[in-house]
Amino acid sequence: MNGQVHTAQRHDSALKHVTGQALYIDDIPEPPGTLHAALVLSPIASGRLRRLDLSQAATAPGVAGVFAAGDIPGHNNIAGPGKHEPLFAEDEVEFAGQPLAVVVADTLDAARAAAERAVIDIEPTEAILDIATALAKQAYVQPPSTILRGDPDAALKAAPHRLSAEFSVGGQEHFYLEGQIAFVLPGEDGDLVVHSSTQHPTEVQHVCAEILGCDFNRVTTVVRRLGGGFGGKESNASWVAGAAALAAAKTGRPVKLRLPREIDMVATGKRHGFDYRYTVGFDEQGRVLALDAVLAADAGWSLDMTPGVLARALTHVDNAYWIPHVRATGYGCRTNRQSNTAFRGFGGPQGVVVMEDAIDRIAHHLGRDANQIRALNFYAAGRDETPYGQKVEENHLARCWAEVKQSSDVERRRAEIDAFNRTHPILKRGLGLFPLKFGISFNLPHMNQAGALVHVYTDGSIRLNHGGTEMGQGLFVKVAQVVAEVFKVDLDRIRPSATSTAEVPNTSPTAASTGSDLNGWAAWEAANTIKQRMIVFAAEHFGAAPGDIEFADGTVRIAKPGSNQVVGFGELARLCWLGRVSLSATGFYKTPKIHWDAAAMRGRPFFYFSFGAAAVEVAIDTLTGESRVLRADLVQDCGASLNPAIDLGQIEGAFVQGQGWLTCEELWWDNEGRLRTVGPSTYKIPGSRDVPAIFNVTMLENAPSREATIFRSKAVGEPPLLLATAIWTALKDAIAAVGDHKTAVRLDAPATPERVLAAIATLKK
Ligand code: MTE
Ligand code: MOS
């Protein structure tokens, strides 16, 4: 049998991906009459919309319609019922790039040309363009929230040592290869089928219905695959679909809206940039006694996912470390910029950097080795409760740490690097280690649920559907492996099918790395329901006991005493059908044990933690500020991996994406608040040359999850992105070598050549 769980299987679309045969939404054949859409965007970051004259756009060649806020039959709201974020600006314009209207025409060129003819009159008002200004004006998208344990003020006062620091990290563009797109096909009575490149088909359904003022049952979202999402298609796909649905409903014709790269970058939200300020108290040994931290996130113009991102940042401030007294306060700063959103790690990466920075400073302060101080502060027996009240169970920190230190030969290389730095005045090398602890589950307990729908046909082929979306991460093959395992059939008997709100309703987004945890169990439930029916039928049909029916190798054995009959899985399916047994079932799963008090910021938000460790070596050129990652050694806990081939790819990809965030990907807005990095020429994502020359990735062996996760596996989508924090630590180490490691270095991210040079300059003063 081929394809059971815990085996390395290629992505179900791997060959189609590399031969160009995978169908993305823009590849779906267009029915006659299809219209193409283009957006009209605000050129101004903040102002009052005095007049929007679309008459010249409406009369441009090929144009079939122009629609703005006033044309929306339902609610001009993309945030879901009960909240308010407009699809198209009404009176106020809140960022440069905000959608004002949509134009549809016979061709894409005609639509885009017509959109240019919109006459926009905005009276500018004072814009808030950075976190510091928002903090000063107390401009927030939500009230500040705090995680508090113990008495940090008293503990800081009493601590033998204390130090304070500030730094910041930038945001990050998702740069999915397939831009945002929706293709809406109107049916009878105003029903709509919405093909959307979304991580959240149900939200697309809800937002389209909200905009059109119709029942949810009129809208069916269909998602076969995304050309990458990375969190950027969790909420942003919904408004893109909503704009297309509006035009389709108004014209009665199919409408496709695909954002070109520069519009996509200007109009959609990104990873939140953060400013930090903290004070840490510690003893002679470097034991952390207290932390008081302020995390200020650039939320952009609207709420979007900021509550969740901030909550995850605050619940990851501790990272791997036991801190007896903690105050961590998060501010969601309202700025006149794109509304920042989910991005792989979802605030976790922006949380863990605080303690990583603090420990480097503590080490410098005490003249000790930072990595010893890291290990000294790890969660351990008796020191195992997080500041928000969840116990750190099944703690693999020490093990991951020991493995990465050993495999990367840290001690020897530390000495080598120091020797290199003594003899090389221009090039400097640095080493950075990072321990990982990442919580798995959505912080909102109700989101941790999933459904599946499995059909067995009479030839024994199986159709699999579930609420998760495939964005390249390999969810479909993993869930198919689960079903193959239940029925003991070959993987190629199972056909994953497009996610659809008509097949599995009321779904959660595919996010928070929970896709295979949730949908794997839901599919297991569905498949097992059918299997049990088949067992009962087979026992009766063959005159055996249910316990005598065994599924193995694509067959079913009736192992009753005295006979040993074997039928093919398909043959039994056919017999079941003749016997009028249902071969279709739904499955449902909800994550156990989790609870969260969002007001008190306490509870058990995570079903379990995923662990890991990284050791990274970098080199910098102190004349140009350029840097290279020379070597990275990673250990990642995947539990009992469902598919080691997929997980390896996820670890490598996540790490390099984190590398981009911390080193080369810089978002740049001009003084008017207009984003000017709008494509690959100005916004640098890592290329193949940037991948560490030596890149050793291992999965923690013999570490099945102790919790009842699907076949004891663990989530992998996001945690390894945080391992890239070791690059930032290594860069600080290389820079500190310029000053003979006498002082700690402030290095804001992304650590572009300019920032590296600026950090070096402060040491030379
Ligand atoms: N991998 C690929 N190839 N493409 C993606 O868009 N998204 C990441 C991660 N890995 C992504 C990816 C993000 S942000 C998440 S939350 C998870 O995949 C979601 O999928 P999972 O829950 O099935 O792991
Ligand atoms: Mo991932 S940021 O949770 O989509």
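Higher on the page you've got the structure.
Reading the values: the criteria
Residues numbered from 1 in each chain as written. Chains lettered and ligands numbered in written order. Predicted model: local features only at pLDDT ≥ 70, side-chain atom pairs only at ≥ 80, totals over all residues. Heavy atoms only, no water. Helix = DSSP H or I, 4+ residues; strand = E, 2+ residues; numbered from the N terminus. Rg over C-alpha atoms; globule rule 2.2 N^0.38 Å. Buried < 20%, exposed > 50% of the residue type's maximum accessible area, 1.4 Å probe, protein only. Contact = heavy atoms within 4.5 Å. Areas by Shrake-Rupley, 256 points an atom, 1.4 Å probe, with all protein chains shown as cover. Lys, Arg positive; Asp, Glu negative; His and termini not counted. Charge placed at Lys NZ, Arg CZ, Asp CG, Glu CD. Near = heavy atom within 4 Å. Polar contact = N/O pair within 3.5 Å; in protein donor to acceptor, adjacent residues only side chain to side chain. Salt bridge = Lys/Arg side-chain N within 4 Å of Asp/Glu carboxyl O. Axes fitted to C-alpha atoms, helices over the stretch in contact; angles between N-to-C directions. Parallel < 35°, antiparallel > 145°, perpendicular 65-115°, else oblique. Nonpolar A, V, L, I, M, F, W, Y, C, P; charged D, E, K, R; others polar. Expected span 1.5 Å × (residues − 1). Arc of directions from axis to C-beta. Pairing = 2+ DSSP bridges. Phe/Tyr/Trp six-rings, centres within 6.5 Å; stacked < 30°, edge-to-face > 60°. Right-handed = clockwise from strand over helix to strand, strands pointing away. Core = buried A, V, L, I, M, F, W, Y, C linked by side-chain atoms within 4.5 Å. Patch = residues over 30% accessible without salt bridge, like charges linked within 9 Å, V, L, I, M, F, W, Y side chains within 5 Å.

Whenever I open this one, the overall build of the protein chain confuses me. Can you help?
Across its full length, the protein chain carries 20 helices and 29 strands. In summary, the protein chain has a C-alpha radius of gyration of 27 Å against a globular reference of 27 Å for 765 residues, a match within 12%. In terms of principal-axis extent, the alpha carbons of the protein chain reach across some 85 × 80 × 45 Å. The proportion of buried residues among the 765 residues of the protein chain is 61%. Here the analysis covers contacts within the protein chain between residues at least 6 apart in sequence; of these, 80% occur between residues at least 24 apart. Of the roughly 28,100 Å² of accessible surface on the protein chain, 52% is carried by carbon and sulfur atoms. Placing the 74 positive and 85 negative side-chain charges of the protein chain at their respective mean positions leaves the two points 3 Å apart.

Just checking my understanding: could you explain the site of ligand 1 for this structure?
Around ligand 1 sit 19 residues, and of these Gly229, Phe230, Met471, Gly515 and Gln650 come closest. Here a nitrogen atom of ligand 1 and a side-chain polar atom of Arg344 are 3.2 Å apart. Thr514 is positioned such that a nitrogen or oxygen atom in its backbone is 3.2 Å from an oxygen atom of ligand 1. Contact with the protein chains hides 92% of the accessible area of ligand 1, taken as 510 Å² for the molecule alone.

Help me understand the pattern of salt bridges in this model?
Oppositely charged side chains can form a pair if their charged atoms are brought close together. Enumeration over the complete set of coordinates arrives at 47 salt bridges. Because the salt bridges share partners, they merge into one network encompassing Glu356, Asp357, Asp360, Arg361, Arg374 and Lys732.

Is there a simple way to explain the packing of helix H17 (residues 644-663) against helix H19 (residues 725-738) in this structure?
Relative orientation and spacing of two packed helices are given, respectively, by the angle between their axes and the distance between those axes. Contact geometry of H17 with H19 gives a least axis separation of 8 Å together with a crossing angle of 45°. In terms of their interaxial angle, H17 and H19 are classed as oblique. From H17, Phe655, Gln659, Leu662 and Thr663 reach across to H19, where they touch Thr725, Ile727, Trp728 and Leu731. Tallied by class, the residues present in the contact of H17 with H19 amount to five nonpolar, three polar and no charged.

I tried to follow helix H13 (residues 410-423) on my own but got confused; where do I start?
Residue pairs three or four apart in sequence face the same way in an α-helix, which turns once every 3.6 residues. With 14 residues, H13 extends 20 Å from end C-alpha to end C-alpha; this agrees with the ideal 20 Å at 1.5 Å per step. Turning to H13, its buried residues number three or more, namely Val410, Arg413, Ile417, Phe420 and Asn421. Buried residues in H13, looked at end-on, bunch into an arc of 95°, giving them a common side. Facing away from the buried side of H13 by more than 90 degrees, the exposed set consists of Glu411, Arg422 and Thr423. On the buried face of H13, the contacting elements are helix H12 (397-407), strand S16 (427-440), strand S27 (608-621), strand S28 (627-636) and H19.

I keep staring at helix H20 (residues 753-764) and nothing clicks. Help me out?
Over its twelve residues, H20 extends 16 Å from the first C-alpha to the last, a length consistent with the 16 Å expected when each residue adds 1.5 Å. Turning to H20, its buried residues are Val756, Ala759 and Ile760. Along H20, the residues classed as buried sweep out an arc of 100° about the axis, all on the same side. As for H20, its buried residues are in contact with S27 and H19.

Sorry, what's going on with the sheet that holds strand S21 (residues 549-552) here?
Note on sheets: strands pair through backbone hydrogen bonds, and any given pair is parallel or antiparallel. Pairing is antiparallel in the open sheet, where three strands are placed in the order S21-S22-S23. In this open sheet, the two edge strands, each paired with only one partner strand, are S21 and strand S23 (565-568). Taking the axes of each pair of neighbouring strands and ignoring which way they run, one obtains an average angle of 25° across the sheet. Sheet analysis places strand S22 (residues 555-558) next to S23, joined by four bridges and oriented antiparallel. What sits directly across from Val556, in S23, is Val567. Across the sheet, helix H16 (residues 569-578) lies against S21, S22 and S23, angled at about 85° from S23, the strand it touches most.

Explain unusual backbone geometry to me, please; I cannot follow it from the model alone.
Negative phi characterises most residues that are not glycine, and trans characterises most peptide bonds. Residue Ala749 is joined to Pro750 through a cis peptide bond whose omega torsion reads 0°. With respect to the helices and strands, Pro750 occurs in the loop between H19 and H20. A positive phi angle, close to 50°, is found at Phe175, a residue other than glycine. Inspection of the secondary structure puts Phe175 in the loop between strand S8 (161-169) and strand S9 (181-186). Positive phi outside glycine occurs at Asp304, with the angle close to 45°.

In this structure, what is going on with the packing of aromatic side chains? I would like to understand it.
Geometry of an aromatic ring pair is reported as the spacing of the ring centres plus the angle between the planes. By the definition in use, this model includes 19 aromatic pairs. Ring centres 5.8 Å apart and planes at 20° place the aromatic pair Phe95 and Trp301 in the stacked group. In this pair, Phe95 is assigned in the loop between strand S4 (92-93) and strand S5 (99-105) and Trp301 in the loop between strand S14 (288-300) and helix H9 (306-314), connecting sequence segments 206 residues apart. Phe95 gets classed as buried once you look at its relative accessible area, which sits at 2%.

Explain the environment of Gly97 to me, please; I cannot follow it from the model alone.
Residue position: Gly97 is located in the loop between S4 and S5. Residues Gly97 and Trp239 lie 142 residues apart in sequence; the distance between their C-alpha atoms is 14 Å. If sequence neighbours within four positions are ignored, Gly97 has contacts with Leu41, Ser42, Val266 and Ala267.

Help me understand the sheet that holds strand S11 (residues 219-223), please; the structure alone is not making it clear to me.
An order of S3-S5-S1-S12-S9-S10-S11-S20 is seen for the eight strands of this open sheet, with the pairing classed as mixed. Of all strands in the sheet, those with a lone pairing partner are strand S3 (63-68) and strand S20 (499-500), marking the two edges. In this structure, S9 lies alongside strand S10 (residues 192-196), joined through five bridges in antiparallel fashion. Looking across to S10, one finds that Phe183 is bridged to His195. Relative to the sheet, helix H3 (residues 108-115) contacts strand S1 (35-41), S3, S5 and strand S12 (255-258), its axis offset from that of S1 by approximately 20°. With respect to the sheet, helix H6 (residues 201-212) is in contact with S10, S11 and S20, its orientation differing from that of S11 by roughly 145°.

Looking at this structure, how should I read the pairing of strand S15 (residues 325-334)?
The element S15 is largely enclosed, with a buried count of seven among its ten residues. Bridge count for S14 against S15 is ten bridges, and the pairing is parallel. Within the sheet, the bridge partner assigned to Leu291 lies in S15 and is Val326. The handedness of the S14 to S15 crossover, carried by H9, is right-handed.

I keep staring at the nonpolar core and nothing clicks. Help me out?
Looking at soluble globular proteins, one finds that nonpolar side chains tend to be buried together. If you look at the biggest cluster of nonpolar residues, it comprises 154 residues, and the most contacted ones within it are Tyr278, Phe487, Met534, Leu572 and Phe655. Here this core takes 13 residues from helix H15 (residues 515-542), the largest share from any one element. Sequence-distant contacts of Tyr278, that is, excluding residues within four places in its chain, are made with Leu163, Ser164, Ala165, Phe167, Leu291, Asp292, Ala293, Val354, Asp357, Ala358 and Arg361. Formed by 37 residues, the second largest nonpolar core is a distinct cluster that contains Val104, Cys208, Leu246 and Val255.

Would you mind showing me how to read the pairing of strand S7 (residues 145-149) here?
On a regular strand, each side chain points to the face opposite its neighbour's, so the side chains alternate between the two faces of the sheet. Here S7 shows a clear split, with Ser145, Ile147 and Arg149 buried on one side and none of Thr146 and Leu148 buried on the other. Here five bridges tie S7 to S15, and the two strands are oriented antiparallel to one another. Its bridge partner lying in S15, Ile147 is registered against Ala328.

Could you clarify how one ought to interpret a nonpolar patch on the surface in this entry?
A cluster of nonpolar side chains, contributed by Ile426, Leu427 and Leu623, occupies part of the molecular surface with about 270 Å² of accessible area. Position of Leu623 relative to the elements: it lies in the loop between S27 and S28. The class of Leu623 is exposed, set by a relative accessible area of 60%.

Teacher, can you tell me more about the side chain of Thr221 here?
In this structure, Thr221 sits in strand S11. Of note is the side chain of Thr221, whose polar atom sits 3.0 Å from the backbone oxygen of Pro201. Excluding residues within four positions of it along the chain, Thr221 makes contact with Val194, Ser196, Thr198, Pro201, Val204, Gln205, Thr499, Ser500 and Thr501.

By themselves, these observations are geometric and do not establish any function.
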